[in-house]
Amino acid sequence: MDTEETQRRQQRRLQTLTDRAEITDLLDRYLRSLDDGVLDEEWAAAFHTEDVTAEMPIGTVHGRAALLARVRQGMALFDRTVHLGTNNVIEIDGSRATARGAQLSTHVLADGSADVFISAGHTDTELVRTPDGWRISATSLHVVWTQGPPPHLPTELTSAPPSSHP
């Protein structure tokens, strides 16, 4: 194998490793940001494309503004949360990628009861490389099991299943 071909292969490997690290960091920072609770336009732009689609137990939304509003509604149901994500399998194809990972989320209800609601499942995420780095273009949270009393859903979210979780 010639030197140029070896260098091209090494560059592709390095790009793949860099992309995986950046995507993993984005997904980790996203879950941590839910617990930090600073959910504003800057937050939404740091993680999502303008035309993002998100499928959550509290409904499916299209567009960054709609996602921001829905996540705010969902997170307002809880006093405190801890979101853990792991085991992401990332597939990269040029400027597009997919990731599937496990998610365990613990929520202290905001209804004054201090009850704890836990949900677990997996996320399927589509990402695109933008001039500002990798961003989530579509995501779907699939809850497999829950434990504890779910939050009482406000009227605007009652079309969603009672095991709500953003």
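The structure we're discussing is the one just above.
From a predicted model like this one, the values you see are computed outputs, not experimental measurements. (Residues numbered from 1 in each chain as written. Predicted model: local features only at pLDDT ≥ 70, side-chain atom pairs only at ≥ 80, totals over all residues. Heavy atoms only, no water.)

1. Examining unusual backbone geometry
Thought 1: The phi torsion at asparagine 87 lies on the positive side, around 55°, for a residue other than glycine.
Thought 2: Take asparagine 87: it is sitting in strand β3 (residues 78-93).
Thought 3: We note that alanine 114 has phi near 65°; this positive angle belongs to a residue other than glycine. (Helix = DSSP H or I, 4+ residues; strand = E, 2+ residues; numbered from the N terminus.)

2. Concerning helix α3 (residues 64-75)
Thought 1: The first and last C-alpha atoms of α3 sit 16 Å apart over 12 residues, in line with the 16 Å expected at 1.5 Å per residue.
Thought 2: When α3 is considered as a whole, its buried residues turn out to be Leu67, Leu68, Arg70, Val71, Gly74 and Met75.
Thought 3: Residues of α3 that are buried make contact with α1 (3-36), α2 (41-47), β1 (48-56), β2 (59-62) and β3. (Expected span 1.5 Å × (residues − 1). Buried < 20%, exposed > 50% of the residue type's maximum accessible area, 1.4 Å probe, protein only. Contact = heavy atoms within 4.5 Å.)

3. Quick look at the sheet that holds β2
Within a sheet, adjacent strands bond to each other through the backbone by hydrogen bonds, running parallel or antiparallel.
Thought 1: Across the sheet, 6 strands lie side by side as β2-β1-β6-β5-β4-β3; this open sheet has mixed pairing. At either end of the open sheet lies a strand with only one pairing partner, and these are β2 and β3. Neighbouring strand axes in the sheet, compared pairwise and without regard to direction, differ in orientation by 15° on average.
Thought 2: Pairing of strand β5 (residues 116-130) with strand β6 (residues 133-147), which is carried by 13 bridges, proceeds in the antiparallel orientation. Pairing of aspartate 124 across the sheet is with serine 140, part of β6.
Thought 3: Along the sheet face, α1 touches β1, β3, β4 (96-109), β5 and β6 and points at about 165° away from the line of β3.
Thought 4: Lying on the sheet, α3 is in contact with β1, β2 and β3; it crosses β1 at an angle near 45°. (Pairing = 2+ DSSP bridges. Axes fitted to C-alpha atoms, helices over the stretch in contact; angles between N-to-C directions.)

4. Quick word on the side chain of glutamine 103
Thought 1: Tracing the chain through its elements places glutamine 103 in strand β4.
Thought 2: When its relative accessible area of 9% is taken as the criterion, glutamine 103 is described as buried.
Thought 3: Here serine 105 takes part through its side chain, which lies 3.1 Å from a polar atom of the side chain of glutamine 103. (Polar contact = N/O pair within 3.5 Å; in protein donor to acceptor, adjacent residues only side chain to side chain.)

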